Amino acid sequence: MRAPVGRVRAVRLGPRSVVALCLVSAIGVVAFGWPLLAGSGSGLAHSQDAPWLFAALLPLLLAVVVATIADGSSGVASGAPGLDAKAIAMVGVLAAAGAALRPLGAGTAGIEPMFFLMVLSGRVLGPGFGFVLGSVAMFASALLTGGVGPWMPFQMLSMGWVAMGAGLLPGAGRWRGRRELVLLAGYGAVASVAYGTVMNLQGWPYLGGLASGVSFVAGDPLSANLPRFLAYCLATSLGWDLPRAVVTVVCTLTLGGTVLRALRRATRRAAFEAPVAFAGPSGVAEGASKEAPVASGPAERPARDGRATGAG
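Residues numbered from 1 in each chain as written. Predicted model: local features only at pLDDT ≥ 70, side-chain atom pairs only at ≥ 80, totals over all residues. Heavy atoms only, no water.

Visitor: Honestly, the overall build of the protein in this entry has me stumped. Any pointers?
Guide: Counting secondary structure elements, the protein contains nine helices and zero strands. Reading the protein from its N end, one meets helices and strands in the order α-α-α-α-α-α-α-α-α. Evaluated residue by residue, the protein yields a buried proportion of 42% over its 312 residues. Per element, the accessible surface of the protein, about 15600 Å² overall, is 69% carbon and sulfur. (Helix = DSSP H or I, 4+ residues; strand = E, 2+ residues; numbered from the N terminus. Buried < 20%, exposed > 50% of the residue type's maximum accessible area, 1.4 Å probe, protein only. Areas by Shrake-Rupley, 256 points an atom, 1.4 Å probe, with all protein chains shown as cover.)

Below, the structure written as structure tokens:
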């Protein structure tokens, strides 16, 4: 019988993983949004708080990895090994592929083919894998392109959210074909615009004090700064966000089917969730009871019945 098509996750979301991801996301939300609520006397340059955010982000990413290992170790008996050497290798390969795709557009006019690979990878391998992959891929691409600056930890968080959101989309075990591609293309378009909008919060406070209707005014209420921020997004970044969305949609609809099949084939062959048992010298798996009774199959019953009849 053919096994039902299910969802295989290289990084499972156990209780510890959920706590670690929520902690990272909470810190990211505060890091992005605090200028909207800051007082007029605060230092608003992200160049000052970015090193601190980066210093906090790396240990928290490591905490996500350690949490997934711990969650998997507690579920080995149920066949859920969590993050293992195969999953780490998969993170490295996909992060390298994403880092190599980013310089193809170099952010010119929003042409960033890296997005569609992060979305598809998060879809196939789950939200935990997606968050780690998106953050690591953005870090690797920053080193590759020389894009290291106060914006880098914010990019790592944003790309981690993009890939994690793809892993949380519905129908991962059921939807296939055109229906799934349309869902991923729509999510990729929304995520591409949302990424640019969220990243604007990183650079917008630099405009504080400028005589402009779109500049940030420290100490103003949220009701006054929020319209300025929306006007800033429309005036500055929409020309990059929309082409990024179009490129993501086109790549997903044209290449998505092939990439999804390749990722799922690699995931099946890696067998992330297969329980591991080492056979001892007698051929019995270590940890299994050698005195356990062996169930008789249907083919053995006629032989026993025949011997019993002959003996009688």
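Visitor: Could you clarify how one ought to interpret the packing of helix α4 (residues 114–125) against helix α6 (residues 152–167) in this entry?
Guide: Angle between the axes and distance between the axes: these two values describe a pair of packed helices. The interhelical angle for the contact between α4 and α6, taken along N-to-C directions, is 45°, at an axis separation of 6 Å. Here α6 runs oblique to α4, going by the angle between their axes. In the packing of α4 onto α6, the handedness of the crossing is right-handed. For the pair α4 and α6, contact is made by Met114, Phe115, Met118, Val119, Gly122 and Arg123 and by Met159, Val162, Ala163, Ala166 and Gly167, respectively. Of the residues belonging to the contact of α4 with α6, the class tally is eight nonpolar, two polar and one charged. (Axes fitted to C-alpha atoms, helices over the stretch in contact; angles between N-to-C directions. Parallel < 35°, antiparallel > 145°, perpendicular 65-115°, else oblique. Left-handed = near helix turned anticlockwise from the far one by under 90°. Contact = heavy atoms within 4.5 Å. Nonpolar A, V, L, I, M, F, W, Y, C, P; charged D, E, K, R; others polar.)

Visitor: Looking at this structure, how should I read the environment of glycine 219?
Guide: Looking at the secondary structure, you find glycine 219 in the loop between α7 (178–203) and α8 (222–270). For glycine 219, a relative accessible area of 46% translates into the label partly exposed. For the pair glycine 219 and leucine 36, spaced 183 residues apart in sequence, the C-alpha separation works out to 8.4 Å.

Visitor: Hey, could you run me through the packing of α6 against α7 in this one?
Guide: Where α6 contacts α7, the axes come no closer than 10 Å and their chain directions differ by 155°. On the basis of the axis angle, α6 is roughly antiparallel to α7. Two packed elements cross with a definite hand, and for α6 against α7 that hand is right-handed. Each of Phe154, Gln155, Ser158, Met159, Trp161, Val162, Gly165 and Ala166 in α6 lies in contact with α7, whose residues at this interface are Tyr187, Ala191, Tyr195, Val198, Met199 and Gln202. Taken together, the residues of the contact of α6 with α7 sort by class into 10 nonpolar, four polar and no charged.

Visitor: Mind showing me how you'd approach the pattern of salt bridges here?
Guide: Two side chains with opposite charge may pair up if their charged atoms get near one another. Going through the model one piece at a time under the given rule, you end up with four salt bridges. Of the charged contacts in the structure, one is a salt bridge between glutamate 112 and arginine 244, with a shortest N-O distance of 3.1 Å. Separated by 132 residues along the polypeptide, glutamate 112 in the loop between α3 (85–105) and α4 and arginine 244 in helix α8 bring together distant segments of the chain. Each member of the pair, glutamate 112 as well as arginine 244, is classed as buried. Aspartate 241 serves as the salt-bridge partner of arginine 244, at 2.9 Å between the closest nitrogen and oxygen. In this pair, arginine 244 and aspartate 241 are both assigned in helix α8, three residues apart and thus about one turn of the helix distant. For arginine 244, a relative accessible area of 6% puts it in the buried group. (Salt bridge = Lys/Arg side-chain N within 4 Å of Asp/Glu carboxyl O.)

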